[in-house]
Amino acid sequence: MHHNSPILIEGATVVFGDRLQPASIRIEEGRITDIDGARDGAAVIDGRGHLLGPAFVDVHGDAFERQLMPRPGTMLPVAPALLETDRQLAANGIATAFHALTLSWEPGLRSVDNGRAVVSSLDTQASRLMVDNRVQLRWETFCFEAIDLIRDALSGPRQPSIAFNDHTSMLLLDPSISLQERPFDLDPNFPALDPGSPVFADKMAERAKRAKLPVSDMIAMARTMWERRPQVLAAINEVSALGEAAGAPMLSHDDSQIETRDFYRARGARICEFPMNRRVARAARDAGDFIVFGAPNATRGGSHLASIGAADMIREGLCDILASDYYYPAMLLGLARLKADGVGSLQDLWPLVSGNPARASGLEDRGTIKVGSRADLILVEWPEGDVPVVRRTWVAGREAYRAIAAGH
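Since this is a predicted model, take the numbers as computed values, not measurements.

Asker: Which parts of the structure should I look at to understand the overall build of the protein chain?
Answerer: Looking only at helices and strands, the protein chain has 15 helices and 18 strands in total. Relative to the compact-globule value of 22 Å for 408 residues, the protein chain shows a C-alpha radius of gyration of 22 Å, a close match. Across the 408 residues that make up the protein chain, the buried fraction comes to 57%. Counting only contacts in the protein chain whose residues sit at least 6 apart along the sequence, the fraction spanning at least 24 positions is 67%. Taken as a whole, the protein chain presents about 16,500 Å² of accessible surface, with 51% of it coming from carbon and sulfur. Within the protein chain, one finds 44 positive and 53 negative side-chain charges whose respective centroids are separated by 2 Å.

What follows is the structure in structure tokens.
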């Protein structure tokens, strides 16, 4: 069936913005054109016993790294890794994905060269991909080598987002101070370790293994990078200006101080990604920023870092968006866990993984079920008291995924 033939999904319980209600949804030319209208020549899809919701929009997912490097140190070719990632996205109901592509000075998986390979492969494979694959340029602020790639990606066909990360300062942070309460990264009195100290050498052992380098080389590299610290502000200003000029969504990552959030907001980053304490989340909320937490955190009922729980943040009105983070199935499973724990009704929770991330990303055409919206939809089988599972996914009206269970 050509995807331009009209489709009518009938009998499903539909997740609207303010209610769950049985309805029929008509799709034509990739958009929702009618709700509860006549069949009128459409191919009818039986949605009875299923839930029909807006497909997910993922602002930050790095599970694709596991297709590129399925075990530590084992790199596979980029194109098949992205095609496989795309299949996983479709099967998990994610119609729009921003791959958190770390652009770091560390060699290997998170290097600028690898970042360039991913961006160019997404361009080459675009017509073969099922969902809207984009990149979050997860830029390490000390990695000046990435700025040309950022400029190129911003002028490319699928607008990326930019996330400001500073793991270099985190790496050099005196271990007596918690990451959650560390000072603003550019604070002149930032409590940094001496890169020549044995404590720092111990800290670098794990990273050296990931980068497949001798520890001494890794330490030398970190030391060279730390010497760039006086130029980091200018680099951040350059990248944020590029992002603003392109109208790209911008995020700051792991903010620990209100000063950090204020600094990035002033540069156009209106998304606060994984704030590390309530104080920062409240400041972000008061300023009208979007606040992102991890869906795996919501699924498990806690963070893998000793940070704040997503469920508590949602209850307190301090979370707008749940991102897949490192596990694609968590978007649906997170909804299920939050619903089971009484955090909210399904129609109140669903915007966390669809409408809100779409708005934050400047994608006003998707994320909600209404006439005129892009037809990004998922049909979910969700037996009472059991695990929900995606059975069909449509992306701009195209069927990107279909799975028929043995019992049917």
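Asker: Please clarify how the packing of aromatic side chains should be interpreted in this entry.
Answerer: Each aromatic ring pair is characterised by the separation of its centres together with the angle its planes make. Following the criterion strictly, the structure yields seven aromatic pairs and no others. A ring pair is formed by F142 and W226, whose centres lie 5.7 Å apart and whose planes are at 15°; its orientation type is stacked. Highlighted residues: F142 in the loop between β10 (132-140) and α4 (147-154) and W226 in helix α7 (residues 215-226), separated in sequence by 84 residues. Both residues of the pair, F142 and W226, count as buried. Three or more aromatic residues joined by ring pairs form one cluster here, namely W139, F164, F184, F263 and Y264. A cation sits over an aromatic face here: R19 above F16, 4.3 Å from the ring centre. Sitting over the face of the ring of F144, R228 holds its NZ or CZ atom 4.7 Å from the ring centroid.

Asker: Could you clarify how one ought to interpret the sheet that holds strand β7 (residues 50-54) in this entry?
Answerer: Neighbouring strands of a sheet are bound in pairs by backbone hydrogen bonds; such pairs are parallel or else antiparallel. Spatially, six strands are ordered β3-β2-β7-β16-β17-β18 in an open sheet, and the strand pairing comes out mixed. Bordering the open sheet on either side are β3 (20-22) and β18 (398-402), each of which pairs with just one other strand. The sheet shows a mean angle of 25° between the axes of neighbouring strands, direction not considered. When strand β2 (residues 13-15) meets β7, the two strands line up parallel, connected through two bridges. Residue pairing in the sheet places V14 in a bridge with L52 of β7.

Asker: Even after reading the chapter, I still don't get the pairing of β18, so can you show me in this structure?
Answerer: Across a regular strand the side chains alternate sides, sitting on one face of the sheet and then on the other. Note: strand β17 (residues 389-395) against β18, four bridges, orientation antiparallel. Residue pairing across strands places V395 opposite R398, the latter belonging to β18. The antiparallel pairing of β17 with β18 creates a hairpin that spans two residues between the two strands, and A396 there sits at a positive phi of about 50°.

Asker: Please explain the packing of helix α2 (residues 78-91) against helix α3 (residues 112-125) as it appears in this structure.
Answerer: Helices that pack against each other are described as a pair by the angle of their axes relative to one another and the distance between those axes. Contact pair α2 / α3: the axes reach a minimum separation of 9 Å and the direction vectors enclose 65°. For the pair α2 and α3, the crossing hand works out as right-handed. Contacts between α2 and α3 involve V78, A79, L82 and L83 on the former and, on the latter, N114, A117, V118, S121, L122 and Q125.

Asker: Please clarify how the side chain of D62 should be interpreted in this entry.
Answerer: Of note, D62 is situated in the loop between β8 (56-61) and α1 (65-68). Residues contacting D62, with those up to four places away along its chain left out, are A100, R110, R138, D325 and Y326.

Asker: Help me out: how do you make sense of the sheet that holds strand β5 (residues 31-35) in this one?
Answerer: Reading across the sheet, the four strands line up as β5-β4-β1-β6 and stay open at both edges, with mixed pairing between neighbours. The open sheet is flanked by β5 and β6 (43-46), the only strands paired with a single partner. When the angles between neighbouring strand axes are averaged without regard to direction, this sheet yields 25°. Two elements, strand β1 (residues 7-10) and β6, share four bridges in a ladder whose sense is parallel. Bridge pairing links I7 to A43 in β6.

Asker: Sorry, what's going on with the layout of surface pockets here?
Answerer: The calculated volume of the second largest pocket comes to roughly 500 Å³. Lining the second largest pocket we find 17 residues, and of these M69, P72, L109, E206 and R210 sit closest to its centre. Residue assignment for the lining of the second largest pocket shows that the elements contributing at least two residues are α1 and α6 (198-211). Of the residues forming the lining of the second largest pocket, the biggest block, five residues, is contributed by α6. Residue composition of the lining of the second largest pocket, by class: five nonpolar, one polar and 11 charged.

Asker: Help me out: how do you make sense of the environment of N277 in this one?
Answerer: Counting through the fold element by element, N277 comes out in the loop between β13 (271-273) and α10 (278-286). Residues contacting N277, with those up to four places away along its chain left out, are Q180, E181, S256 and I308. Here Q180 takes part through its backbone oxygen, which lies 3.0 Å from a polar atom of the side chain of N277.

Rules of the game
Residues numbered from 1 in each chain as written. Predicted model: local features only at pLDDT ≥ 70, side-chain atom pairs only at ≥ 80, totals over all residues. Heavy atoms only, no water. Helix = DSSP H or I, 4+ residues; strand = E, 2+ residues; numbered from the N terminus. Rg over C-alpha atoms; globule rule 2.2 N^0.38 Å. Buried < 20%, exposed > 50% of the residue type's maximum accessible area, 1.4 Å probe, protein only. Contact = heavy atoms within 4.5 Å. Areas by Shrake-Rupley, 256 points an atom, 1.4 Å probe, with all protein chains shown as cover. Lys, Arg positive; Asp, Glu negative; His and termini not counted. Charge placed at Lys NZ, Arg CZ, Asp CG, Glu CD. Phe/Tyr/Trp six-rings, centres within 6.5 Å; stacked < 30°, edge-to-face > 60°. Lys NZ or Arg CZ within 6 Å of the ring centre and 35° of its normal. Pairing = 2+ DSSP bridges. Axes fitted to C-alpha atoms, helices over the stretch in contact; angles between N-to-C directions. Left-handed = near helix turned anticlockwise from the far one by under 90°. 1 Å grid on protein atoms, 1.4 Å probe; cavity = no way out; pocket = protein on both sides within 12 Å on 5 of 7 lines; lining within 4 Å. Points joined across faces, edges and corners; volume = space filled by probe spheres on them. Nonpolar A, V, L, I, M, F, W, Y, C, P; charged D, E, K, R; others polar. Polar contact = N/O pair within 3.5 Å; in protein donor to acceptor, adjacent residues only side chain to side chain.

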